[in-house]
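# Survey of secondary and tertiary structure
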Amino acid sequence: MRRVVITGLGLVTPLGADVETAWANLLSSKSGAGPITRFDASDQKCRIACEVKPKDHEYGFDPDKRVDHKVQRQVDPFIVYGIDAAGQALEDAGLTEMDEATRLRAGVSIGSGIGGLPGIEIESVNLHERGPGRVSPHFVHGRLINLISGQVSIKYGLMGPNHAVVTACSTGAHSIGDAARMIKDDDADIMLAGGAESTVNPLGVAGFAQARALNMSMNDRPTEASRPYDKDRDGFVMGEGAGVVVLEEYEHAKARGAKIYAEVVGYGLSGDAYHVTAPHPEGKGAENAMRMALRKAGMEPGDIDYINAHGTSTMADTIELAAAKRVFGDDLSGASMSSTKSAIGHLLGGAGAVESIFCILALRDQIVPPTLNLDNPDEGTEGVDLVPHVAKKRQVRAVLNNSFGFGGTNASLVMKAI
Amino acid sequence: MSETADRVKKIVVEHLGVEADKVTEDASFIDDLGADSLDIVELVMAFEEEFGVEIPDDAAEKITTVKDAITYIDEHKG
């Protein structure tokens, strides 16, 4: 059977626009949250977000590093983030220069939950105010979800599968799981996989606020607003950014002497069949996804040392926790489970990929990142190590990442050291 | 250099992300400046905006160099 390993990582996050900076800031309990600066949010119910910081910031993002000026002008920010994270991952894997035969077997599957909402908003207003003749000729292909995959393929000459997952907030995890299967199924030897999002725009923030999904009670305390499992949690804080990994067939990676971070050993998917935004009250879908991922990995719950929870800082946190308790039983007390959304916010379609990268780094460094703001753990959290406030050194042999999305879609990934 | 030429070149540099010294009057948008057909649609829109002229599609198709653009604009601006 073909095995799939991870040989490259790329991150653009509110805590840093490269893997090591974001990871270091995460481990030192920094928060990426603040007042919205991208637009005037004074009339919004939610006025805070975890924005990717501008170039001149201590850990800001410089789009000029890897994305052509012309492309930057034509596409939405989620595509710019995705191209950059993909470039980082290829550089990390030592795969920026591949011969044609290798590129024929190298593909891209980088998705997004929503896609180019800021551009859709701007061009809609433009159409309304100035007419159809003023709509940008780059409007469509600058907003489409599969255009990270398209742009990356063109930039690096990757001629293998070109795909994009769209499963709301589980996009990033599904992307990695599906792309790993493409390698297993011999469609490719190398896949760039992940997710990106950027909807910190008036329509995006208003839409999630109207759906009562965002925190709207802590506009004056942005760094405290994302507080998974805490009694005072009151909705998620929107994040933005991208996470991309290089997936590679094990023998292929070994033959070229690549650095191998981890192996993708289990992938579970399920549907809640319940409600468009609310999770199943008993967490059936989450439970099924976790069980399937463990079964595919051929592992017992007790083999997992760290769970990166979906944990969005909503009422759903304790539903996921209850599902984990049913899957893991007593073994959950031996694992650590944290939500890094407490620090970087909810990256929506990017979340599952970014958080999988944090899982991989936890494996590498034998340390688990914290759940910030967990001052008063809610009922149902007893007996679970949710890694409150500070990172924790511990043994990490295998990790599980959960990602769930609107529509009742669930994905779980299991990765382990090789 | 005419004022029109200055403003046209500025738009081309901004939209195509090319070095200013490459934007000579003889430069072809596609052959010399790396534009594709959609970039030209966008450039024409930017020229219309900047100079308050209307450039119909059949005229736009004939604008292939920087000089073509400058000439058209000089002949048609109010």
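Since this is a predicted model, take the numbers as computed values, not measurements.

Procedures and definitions
- Residues numbered from 1 in each chain as written.
- Chains lettered and ligands numbered in written order.
- Predicted model: local features only at pLDDT ≥ 70, side-chain atom pairs only at ≥ 80, totals over all residues.
- Heavy atoms only, no water.
- UniProt positions renumbered as here; feature names shortened; annotations may be inferred.
- Helix = DSSP H or I, 4+ residues; strand = E, 2+ residues; numbered from the N terminus.
- Contact = heavy atoms within 4.5 Å.
- Pairing = 2+ DSSP bridges.
- Axes fitted to C-alpha atoms, helices over the stretch in contact; angles between N-to-C directions.
- Expected span 1.5 Å × (residues − 1).
- Buried < 20%, exposed > 50% of the residue type's maximum accessible area, 1.4 Å probe, protein only.
- Polar contact = N/O pair within 3.5 Å; in protein donor to acceptor, adjacent residues only side chain to side chain.

### Examining the UniProt feature "active site" (unreviewed entry) in chain A
Residue and element names in this part refer to chain A.
- With numbering matched to this structure, UniProt assigns "active site" (unreviewed entry) to Cys169.
- Its place among the elements puts Cys169 in the loop between strand 5 (162-163) and helix 7 (171-184).
- In contact with Cys169, not counting residues within four places along its chain, are His310, His346, Leu348, Gly349, Ala351, Ser403, Phe404 and Gly405.

### Section: the sheet that holds strand 10 (residues 336-338) of chain A
Residues and elements named next belong to chain A.
- The 10 strands are arranged 5-4-6-7-1-8-14-13-9-10 in an open sheet whose pairing can be described as mixed. Here the strands that pair on one side only, and so sit at the sheet edges, are strand 5 and strand 10.
- With 3 bridges connecting them, strand 9 (residues 306-308) and strand 13 (residues 398-405) associate as parallel partners. Pairing of Asn308 across the sheet is with Asn401, part of strand 13.
- Its contacts with the sheet place helix 6 (residues 147-156) against strand 4 (106-111), strand 5 and strand 6 (190-197), and it is angled at close to 150 degrees to strand 4.

### Some remarks on helix 2 (residues 37-51) of chain B
- A rise of 1.5 Å per residue sets the reference length of helix 2 of chain B, with its 15 residues, at 21 Å; its end C-alpha atoms lie 21 Å apart and thus fit the reference within 8%.
- For helix 2 of chain B, the set of buried residues is Asp39, Ile40, Glu42, Leu43, Val44, Met45, Ala46, Phe47, Glu48 and Phe51 of chain B.
- In this structure, the buried side of helix 2 of chain B is in contact with helix 2 (69-74) of chain A together with helix 1 (3-16), helix 3 (57-60) and helix 4 (66-76) of chain B.
- N-cap assignment for helix 2 of chain B: the residue whose side-chain oxygen lies 3.1 Å from the backbone N of Leu38 of chain B is Asp36 of chain B.

### Regarding the pairing of strand 1 (residues 4-12) of chain A
Residue and element names in this part refer to chain A.
- Most of strand 1 sits out of view: 9 of its 9 residues are buried.
- Sheet topology places strand 1 next to strand 7 (residues 241-249); 8 bridges connect them, and they run antiparallel. If you follow Leu9 over to strand 7, its bridge partner there is Val245.
- Pairing of strand 1 with strand 8 (residues 262-271), which is carried by 2 bridges, proceeds in the antiparallel orientation. The residue of strand 8 that forms the bridge with Ile6 is Ala262.

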